[in-house]
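# Architecture at a glance
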Amino acid sequence: MILAFIGPPGSGKGTQAVLIADKMGLSHLSTGEVLRTKATSGTPDGDILQKTMASGKLVSSDLVNDLVLNALQSSKKGCILDGYPRNLDQVKFLSKHCAEEISSIYFNLPRDIIVKRITGRFSCAQCGKIYNSYFYKTKIDGECDACRSSNFIFRKDDSEKAIVERLEAYDAETKPVIDHYRQLGLLKTINANAPLSEITEELYKLLKK
Ligand code: AP5
C-alpha cells in the first residue's frame, strides 16, 4: 500500500501520517522532515537547502525523488509519503518506480485556517511531536505531552513571508497533482478542518475500504 498525503502547507498531513502509520503498521516518509535534517548538516549543500526551504520554495525534485526511492525499496508493508508528490515531474517519477497502485489523500482546508495552523505551529525539540498554540496546546504549559521535554522549536519557513511563497508553490505546482489523481480516480478527499481525532477516524475508515 502506497499512500500519498497531499494538501496545502499546515493542513495536518504530518500530524495524521504519524498516527495512521502507527495504527496501520506502515512506514512514514516526510520529505520535509528528512530535508530539514539534511539542511542542518553544516555542509555547503546543507546551507543551500536551508536557504531554499526557509524561502518557502520547493527543492529540486532529483533530491526528493532519491529519498522516495530509498523509502519504497525499504518499506515492507507499505508506506505513507507525506508531502510527496508535489509536482507533475514527481508524479511521473513515482508511477515509474512504484509497482503498486498509489492512493492519494487530499487534505482540504480553507486558506484562513491554513495561516493559523502554520503561524501557531511548534514542535518538541526532543521527540518531534507537533503542537499548535491556537488549536493543539501541550496539556501542561511548557512540557511535551509525549516525552516531557521543555525544549520546543519553530520552523524557519513558518514566517509570514515564507508562507506566501509556500502557498504560491502549492497553487502552481501541487494543485495540478491533485487534479491529475482526481482524473485517474485515485484521489480521496478528507475534510481537514475538523478535530484531530475525527480526521484520524475518517482516514482510517477510508483506507480500510
Ligand atoms: P513540508 O515539511 O512537507 O511542509 P508542508 O507541505 O508545507 O506541510 P507542513 O509540514 O507545513 O504541514 P502539514 O500538512 O504536515 O501540517 P501539520 O501536521 O504540521 O515541506 C517543507 C519544505 O520542504 C517545502 O516547502 C519544500 O521546500 C521542501 N519539500 C518537502 N517536500 C518536497 C517535495 N516533495 N518536493 C520539493 N520540495 C519539498 O499541522 C500543522 C499545524 O496544525 C500543527 O501546529 C498541528 O498541531 C496543527 N493541526 C494539525 N491537525 C489539526 C487539527 N485537526 N485541528 C487543529 N490543529 C491541527
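Keep in mind the model is a prediction, meaning the values are calculated, not measured. (Residues numbered from 1 in each chain as written. Predicted model: local features only at pLDDT ≥ 70, side-chain atom pairs only at ≥ 80, totals over all residues. Heavy atoms only, no water.)

## Notes on the overall build of the chain
Formally: Going along the chain from the N terminus, every DSSP run of H or I of four or more residues is numbered as a helix, and every run of E of two or more is numbered as a strand. We compute the radius of gyration from the C-alpha atoms alone; for a globule the expected value is 2.2 Å times N to the 0.38, where N is the number of residues. The rule is simple: take the accessible area with a 1.4 Å probe, protein chains only, and divide by the maximum for that residue type; under 20% is buried, over 50% is exposed, in between is partly exposed. Whether two residues are in contact is decided by their heavy atoms: any pair within 4.5 Å suffices. All accessibility values rest on the Shrake-Rupley procedure with a 1.4 Å probe; residue burial counts only the protein chains present in the view.
Looking only at helices and strands, the chain features eight helices and eight strands. On C-alpha atoms alone, the chain measures out to a radius of gyration of 17 Å, which is about the 17 Å that the 2.2 N^0.38 rule sets for 209 residues. Structurally, the chain occupies a C-alpha span of about 45 × 45 × 35 Å along its principal axes. Considering the chain as a whole, with its 209 residues, one finds that 44% of them fall into the buried category. Residue pairs in contact within the chain that sit at least 24 positions apart in sequence constitute 68% of those at least 6 positions apart. For the chain, the computed accessible surface area is about 11,300 Å², with 52% contributed by carbon and sulfur atoms.

## Considerations on the site of the ligand
Stated formally: We call a residue near a molecule or strand whenever a single non-hydrogen atom of that residue lies within 4 Å of it. Polar contacts, as counted here, are pairs of nitrogen or oxygen atoms within 3.5 Å of one another; within protein the pair requires one atom able to donate a hydrogen and one able to accept it, and residues that are adjacent in sequence qualify only if both atoms are side-chain atoms. Side-chain classes are defined by residue name, with Ala, Val, Leu, Ile, Met, Phe, Trp, Tyr, Cys and Pro counting as nonpolar, Asp, Glu, Lys and Arg as charged, and the others, Gly among them, as polar.
Within the structure, the ligand sits among 35 residues, and Thr15, Lys57, Arg121, Tyr131 and Arg166 are positioned closest to it. Gly10 places a polar main-chain atom, nitrogen or oxygen, 2.8 Å from an oxygen atom of the ligand. Contact between the ligand and Leu196: a nitrogen atom at 3.5 Å from a main-chain N or O atom of the residue. Computed on the free molecule, the ligand has an accessible area of 1,000 Å², of which 96% lies beneath the protein chains in the complex. Elements represented by at least two residues in the shell around the ligand include exactly helix 1 (13-24), helix 2 (31-39), strand 6 (130-132) and helix 8 (196-208). The element that contributes the greatest number of residues to the shell around the ligand is helix 2, accounting for four residues. Of the residues belonging to the shell around the ligand, the class tally is 16 nonpolar, 10 polar and nine charged.

## Concerning the sheet that holds strand 5 (residues 121-124)
Defined as follows: By this definition, two strands are paired if DSSP reports at least two bridges between them.
Strand order in the open sheet made by the three strands is 6-5-7, with antiparallel pairing throughout. The outermost strands of the open sheet, each flanked by one partner alone, are strand 6 and strand 7 (152-153). As paired elements, strand 5 and strand 7 share two bridges and run antiparallel to each other. Each bridged residue has a counterpart across the sheet, and for Ser123 the counterpart in strand 7 is Ile153.

## What to know about a negative patch on the surface
Put simply, the rule reads: Patches here: salt-bridge-free residues with over 30% relative accessible area, like charges joined within 9 Å, nonpolar side chains (Val, Leu, Ile, Met, Phe, Trp, Tyr) joined within 5 Å. The salt bridge definition used is simple: a Lys or Arg side-chain nitrogen within 4 Å of an Asp or Glu carboxyl oxygen. A positive count includes Lys and Arg, and a negative count includes Asp and Glu. His and the chain ends are not counted in either. Each charge is placed at NZ for Lys, CZ for Arg, CG for Asp and CD for Glu.
Taken together, the side chains of Asp62, Asp66, Asp89 and Glu173 define an acidic patch exposed on the protein surface. Tracing the backbone shows Asp62 in helix 4 (residues 61-74).

## So, the pairing of strand 4 (residues 102-108)
By the criterion of burial, strand 4 is predominantly enclosed, with five of the seven residues buried. Strand direction decides the pairing type here: strand 1 (residues 2-6) and strand 4, joined by five bridges, are parallel. Looking across to strand 4, one finds that Ile2 is bridged to Ile102. Pairing geometry for strand 4 and strand 8 (residues 187-191), over five bridges, is parallel. Bridge assignment links Ser104 to a residue of strand 8, and that residue is Leu187.

## Looking at the environment of Gly83
Tracing the backbone through its elements, the reader meets Gly83 in the loop between strand 3 (79-82) and helix 5 (88-97). On the basis of relative accessible area, Gly83 is assigned to the buried category, the value being 7%. Expressed as a C-alpha distance, the spacing of Gly83 and Asp62, which sit 21 residues apart in the sequence, is 15 Å. When near neighbours in sequence (up to four residues on either side) are disregarded, Gly83 contacts Phe5, Lys13 and Thr31.

These figures capture arrangement, not role.
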